[in-house]
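Read off the chains here:
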Amino acid sequence: MNPTSGLRARLAEAHRDQRVVDAVHLATWRKVEARADAMAGLRHYAALRDRAAQIRQHTLDHLPQYLEQFVERATALGATVHFAANADAACATVCDIAVSRGLKLAVKSKSMTTEEVHLNDALLAAGVRVVETDLGEFIVQIDRDRPSHIITPIIHKDRRQVARAMARELGCPYTEDPAEMTRIARQHLRDIFRRCDLGITGANFAVAETGTLCLVTNEGNGRMTVTRPRVHVALVGIEKIIPRLIDLPVILKLLARSSTGQPLGAYTTLITGPRREGDVDGPEELHIVLLDNGRSRILSGPFREVLRCVRCGACLNACPVYRNVGGHAYNSVYPGPIGSVLSPLLYGRPAEELPRASSLCGLCYQVCPVKIDIPRLLVQLRTATRARQPRGKRLLMRAWAWAMDRPWLYRLAQRLMRRLLPDDGTGWINRDNHLFRRPLRAWTAQRDLLRPPPQSFRELWKGGLGDER
Amino acid sequence: MEVALFATCLTDTFYPRVGQAVVRLLRHFGCRVCFPDGQTCCGQPAYNSGFHAEAAALLHRMTRVFAPYACVVTPSASCAAMVKHHGPPLLADNPPAHEAALRLADKTWEFNTFLRDQLNVDVAGLLRFEEPVTFHYPCHARELYSPADLQGWLRGNGHDVRTPVHADLCCGFGGVFAVEFPEVSGAMLDDKLTELAATGATLVICNEAACALQMMGGARRRGLPLRFKHLAECLAESLGLLEPAA
Amino acid sequence: MSAESHPAPARPGAAALSPLRDFLQRLRRETYRAGPHVPLPASPTHLLREVAPAENLVSRFQTSAAMVGCRVHRVRRDEWLATVRGILRERSARTVLVEPHAETALTAERAAQLSEALEAEGVATSAQCVDESLFAADASVTGVISALAETGTLVCVSSAASARGASLIPPVHIALVSSSQLVADLFDFFERLGAWAELPANVNLITGPSKTADIEGVLVTGVHGPGEVHIVLTAD
């Protein structure tokens, strides 16, 4: 079976959902423009971007040393640091913390690592109720849906779908007004925030020098989550480390601008250990679970650079493929261009065709605040699956390369093509042509094909152009 | 100055007029033009599809074809980018071939940047448009020239240059991508053509044969009255080196 | 390397660390034999500042804070009380949290002055940050430890005198800022923070009101945090 055909069908199917495609177009264009405006106003954009890339790459190149420093510092401050080699271990660690302390109601701030390990399911199975508190994630949760964007989880939904889900699941009066829907969610979640006993977050960064976690949020649910419950658990990918406190502003200056065009997220929260003696509020216990789950394997391979990612989502917004299919089509927690690199590296075979679903237009690299050369990595990943491409395609590629290595054969092919391609009398091959239908169908389904003109350039050259003047 | 023309397989096959324009322009600006007959393809389609051994072999043969020349010019930004940026690492484990690839990378020029940087031609001053124009910026030109550069070349003589809302939007071609994921490629093409049509101009400057194949075929299928021309064709017409196209 | 010869000292949390130590060893062994080693950029970042310390920080802060959705009230030093009262009156606040902090512009003395004035108008005030007062408050009034001209950011920290919830839970947050607290750039702030002997458990950089654009990209303020942030900026 053709491995890309499954993906092709999935993407085509996703594109047929006009409502999703419209919603994603609207939202991504808005973000693309907001980002461009924000960067245009940043005096040292290029230099900051260089430096951010350098800081992230340096950290990855020396990760063991910085991880050790982070663990040292965080532990000294009274945090408990755990290590989870994989998703199961991460879930078991968090469930164990909850169950052994009798914690019953968990609030969650938006976090990609917890999505990656499917922590919610594990906690529910362990008898802990988990409530997503980011508005988008909350709606995803009550509607039993999946997030489709790493920053804007319900980018695929329009307001009517949100309104219906809220009325149905919360029993509130039906309203399509985003402000009113937000107010209803606030009321609902305030009650949860009063009663919760476990707070779960990820972290945008972990500072080795000070043992500090950095969380960037807009709604304030992240702050609530690290303020109200008596236990805070942060699930942090091992690649999130940065060396020094002074490296943080370099990346912060780019992060929110890349995501939403804001100069900074509404809340940048620096967490250094659990609540201090005498503090008025805050969690008594802080657990930091460092998650590997395939990252160390990526570190030791040729794709280390992808771990620079700061999850800003700019590449998703910029991507013309993502814009036309939305996030669900990627079948991965990490959609879009960065997902097409990360998913095959994290999940292997089931995601290995994703790198082919790109026109390599390069906008993802253009907007990446840490200069991950996504198009180059996509091409590199394509080489890995070459042996598993359909036989016909492999043969065709080899035959083509063989012919191109022989100019006489190339010229013959050129002439044959002109002779055999049946046009409609106006120099075009359109979809009504049945001859050669199969190999051409993939092209002519979407566009007509120009018939090569009667003389190729090299024939023009030989026929006089070469001797002019 | 002697210049070897790297016509590219798509221009050779589908757009000979572009090659003709390039030859006449280079001569007009004082170059002696050669066309090494052994040239075929730079290997880009194979490279993009992950068939790197095949791509490396084709690139290697290009280095041999162009070895005798000091300067190579091509009307395609993506083939220039292949030769200049993506190609050489493919030959890294064969030092002599790698050396040759680096030399080819060094001496290869994209046509528009060659006019600007080597021949000091003021394209903006020489071009004549009788109608509003818009343009497609080829994605693979990114390392060679910017959308603003392209706009600058078109903007002289009070021309009505209409910039699409997102000047750097991809046309959806992407090589094998266009036939492996035709639905998505077609959707991207729709987005692109919609923006071009919305400018109200019907003449689109497109300096990339692959993008032109995609967009011309797409516009025709959709019944959009868009016409596509390489900047070299327009410049050659402006200078009387080429009969205006029908 | 070192973990084998020097076993980790026993302290809280150390038990959980042994898999991590094993992992780090393996990572060192397997991953870092070769590979790129990009150097860490030197630390001074003053060349990349958006805002120079010599700029007019007050007007820059005013512009930046307004841009991110704060309402800035730039008043004379002796007008702060009337301004705060005016804001609260306009919002018909019945219960107000007033949280003094010695290192901010809302000193104990000023807080007492404000509380007295509010009580006189029949507004209930509280300085305690226990649950009910926090959730019941219509507004909170706090100081800040610093404010950033570049981004219009307010910085609040946790301590024995200041709760994390004070600038978060009530729907209206009024922050007293004096112009001497303004820092030019994010870099300057982090440089200062790095010089602290010990970081507080919780440092918050607050840039505008709580907001979301999750539903169709429509901007809505006041999701979980305050929907209104007022900055009463006094010169000194």
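This one's a predicted model, so the numbers in the text were calculated from it and none came from an experiment.

Enquirer: I tried to follow the overall build of chain A on my own but got confused; where do I start?
Expert: When you go through chain A residue by residue, the secondary structure sums to 22 helices and 12 strands. With respect to the three principal axes, the spread of C-alpha positions in chain A is 90 × 55 × 45 Å. Working note: accessible area of chain A is about 16800 Å², and carbon and sulfur atoms make up 52% of it. Here chain A holds 69 positive side-chain charges and 48 negative ones, and the gap between their average locations is 6 Å.

Enquirer: Got a minute to help me understand the arrangement of the chains in this structure?
Expert: For this structure, the chain pair with the highest number of contacts among 2 pairs of chains in contact is chains A and C. One finds no contact linking chain B with chain C; the least C-alpha distance across the pair is 17 Å.

Enquirer: What exactly am I supposed to notice about the interface of chain B and chain A here?
Expert: Frequently, the measure chosen for interface size is the accessible area removed from exposure when the parts meet. Residue-level contacts link 70 residues of chain B with 68 residues of chain A. Approximately 6200 Å² of surface area, both sides summed, lies buried where chain B meets chain A, with 61% of it carried by carbon and sulfur atoms. On the surface where chain B and chain A come into contact, there are 12 salt bridges. The partner of A:E468 in a salt bridge is B:R27, and the shortest N-O contact between them spans 3.9 Å. Taken together, the elements giving at least two residues each to the side of chain B that touches chain A come down to α1 (9-14), α2 (16-28), β2 (32-34), α3 (44-48), α4 (52-65), α10 (177-180), α11 (182-198) and α12 (209-221) of chain B. If one sorts the elements of the side of chain B that touches chain A by residue count, α11(B) sits on top with 10 residues. Of the residues assigned to the side of chain B that touches chain A, the class counts are 34 nonpolar, 21 polar and 15 charged.

Enquirer: Explain the packing of helix α2 (residues 18-40) of chain A against helix α12 (residues 248-259) of chain A here, please?
Expert: For any two helices packed against each other, the geometry is given by the interaxial angle and the distance between the axes. Residue and element names in this part refer to chain A. At their nearest, the axes of α2 and α12 sit 7 Å apart, and the two run at 145° to each other. Note on element contacts: α12 touches α2 through L254, R257, S258 and S259, opposite K31, R35, A38 and M39. Tallied by class, residues from the contact of α2 with α12 come to 3 nonpolar, 2 polar and 3 charged.

Enquirer: Where do I start with the nonpolar core in this structure?
Expert: Proteins that are soluble and globular tend to have nonpolar side chains buried together. If you look at the biggest cluster of nonpolar residues, it comprises 143 residues, and the most contacted ones within it are A:L213, A:L290 and C:F190. Not counting residues within four places of it along the chain, the set of residues in contact with C:F190 comprises A:L245, A:I246, A:L248, A:P249, A:L252, A:L270 and C:L205.

Enquirer: Just to check I follow, could you spell out the sheet that holds strand β8 (residues 182-183) of chain C for this structure?
Expert: The strand order across the open sheet built from 8 strands is β8(A)-β5(A)-β6(A)-β9(A)-β9(C)-β6(C)-β5(C)-β8(C), with neighbouring strands paired in mixed fashion. The sheet is open, and its two borders are formed by β8 (241-242) of chain A together with β8 of chain C, each paired with just one other strand.

Enquirer: Is there a simple way to think about the pattern of salt bridges in this case?
Expert: Where side chains of opposite charge bring their charged atoms close, a pairing between them can arise. Summed over the entire model, instances satisfying the criterion amount to 62 salt bridges over all chains. Taking the shortest distance from any N to any O, the salt bridge between C:E198 and A:R276 comes out at 4.0 Å. Residue C:E198 is located in the loop between α7 (186-195) and β9 (202-206), and its partner A:R276 is located in the loop between β9 (267-271) and β10 (285-291); the two belong to separate chains. Members of the salt-bridge network, linked through shared partners, are A:D143, A:R144, A:D145, A:K157, A:R168 and A:E169.

Conventions and cut-offs
- Residues numbered from 1 in each chain as written.
- Chains lettered and ligands numbered in written order.
- Predicted model: local features only at pLDDT ≥ 70, side-chain atom pairs only at ≥ 80, totals over all residues.
- Heavy atoms only, no water.
- Helix = DSSP H or I, 4+ residues; strand = E, 2+ residues; numbered from the N terminus.
- Areas by Shrake-Rupley, 256 points an atom, 1.4 Å probe, with all protein chains shown as cover.
- Lys, Arg positive; Asp, Glu negative; His and termini not counted.
- Charge placed at Lys NZ, Arg CZ, Asp CG, Glu CD.
- Contact = heavy atoms within 4.5 Å.
- Buried area = accessible area lost by both parts, 1.4 Å probe.
- Salt bridge = Lys/Arg side-chain N within 4 Å of Asp/Glu carboxyl O.
- Nonpolar A, V, L, I, M, F, W, Y, C, P; charged D, E, K, R; others polar.
- Axes fitted to C-alpha atoms, helices over the stretch in contact; angles between N-to-C directions.
- Core = buried A, V, L, I, M, F, W, Y, C linked by side-chain atoms within 4.5 Å.
- Buried < 20%, exposed > 50% of the residue type's maximum accessible area, 1.4 Å probe, protein only.
- Pairing = 2+ DSSP bridges.

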